[in-house]
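Structural characterization, general
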Amino acid sequence: STVTLLTNPGTAKLFMVLTNIWKTVGYNSIIFFAAVTGIDSQLYDAAAVDGAGRWQKILHITIPGILPTFITLLIISVGAILNNGFEQYYVFVNPMIQKNIEVLDYYVYRIGMLNNDIPASTAVSMIKTFISVVLVFSVNKLSKKTLGQSIL
């Protein structure tokens with residue numbers, strides 16, 4: 001028997017996770033590449049003169065140089081952790097896999113638009129937003145406390 005990708009609950013969930021990873025890797029790699037190129041090359045030259053190897057340069061120059069970018073992206077990502085990309089799930093959902101890949105955004109759509117329960121969908125959305133805001137402030141405070149850097 002033939003198993004298709006988007007009708008098997010196990011493969012559909014894996015497909016959705018891999019698609020989300022694929023969508024974010026390109027953007028984040030561009031951001032981190034820009035952060036690395038923003039580090040002064042004279043720091044690397046000075047470290048080489050002092051006898052630093054590749055790993056020492058990474059540990060003492062590159063990582064501290066991209067840390068502010070990492071913290072900013074982390075805070076943004078934590079704020080969006082409850083957003084799974086509604087459009088992707090809306091396009092690929094079908095009755096065979098709906099229960100296995102339903103995410104919060106699709107649930108809000110389903111109860112609000114398909115079941116015509118606007119107050120319930122609004123309440124779920126407001127709770128989701130409140131949790132996201134609490135997460136953003138918590139990670140920002142943790143970052144400020146541990147690393148001395150924050151964006152808020």
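If you're wondering where the values come from, they're calculated on a predicted model, not measured in any experiment.

Moving on, we get to the overall build of the chain. A tally of helices and strands in the chain yields seven helices and zero strands. Ordered by position in the sequence, the α and β elements of the chain form the string α-α-α-α-α-α-α. With the C-alpha coordinates aligned to their principal axes, the bounding extent of the chain is approximately 65 × 45 × 20 Å. A sequence separation of at least 24 residues applies to 53% of the contacts in the chain between residues at least 6 apart. As displayed, the chain offers around 10400 Å² of accessible surface, 68% of which is attributable to carbon and sulfur atoms. Within the chain, the 7 negative side-chain charges are centred at a point lying 8 Å from the centre of the 10 positive side-chain charges.

Moving on: the nonpolar core. Counting seven residues, the largest nonpolar core consists of Ala12, Met16, Tyr89, Ile97, Ile101, Val103 and Tyr106. If we skip the residues at most four places from it in the chain, Tyr106 touches Phe86, Tyr90, Val93, Gln98 and Leu114.

Turning next to unusual backbone geometry. Phi at Asn116 is positive, roughly 55°, even though this residue is not glycine. As for its placement among the helices and strands, Asn116 is situated in the loop between helix H6 (104-114) and helix H7 (118-147). Accessibility expressed as a relative area gives 62% for Asn116, which makes it exposed.

Another aspect to go through is H6. Among all positions in H6, only Asp105, Tyr106, Val108, Ile111 and Gly112 are buried. Elements in contact with the buried residues of H6: helix H4 (86-92), helix H5 (98-101) and H7.

Thresholds applied
- Residues numbered from 1 in each chain as written.
- Predicted model: local features only at pLDDT ≥ 70, side-chain atom pairs only at ≥ 80, totals over all residues.
- Heavy atoms only, no water.
- Helix = DSSP H or I, 4+ residues; strand = E, 2+ residues; numbered from the N terminus.
- Contact = heavy atoms within 4.5 Å.
- Areas by Shrake-Rupley, 256 points an atom, 1.4 Å probe, with all protein chains shown as cover.
- Lys, Arg positive; Asp, Glu negative; His and termini not counted.
- Charge placed at Lys NZ, Arg CZ, Asp CG, Glu CD.
- Core = buried A, V, L, I, M, F, W, Y, C linked by side-chain atoms within 4.5 Å.
- Buried < 20%, exposed > 50% of the residue type's maximum accessible area, 1.4 Å probe, protein only.

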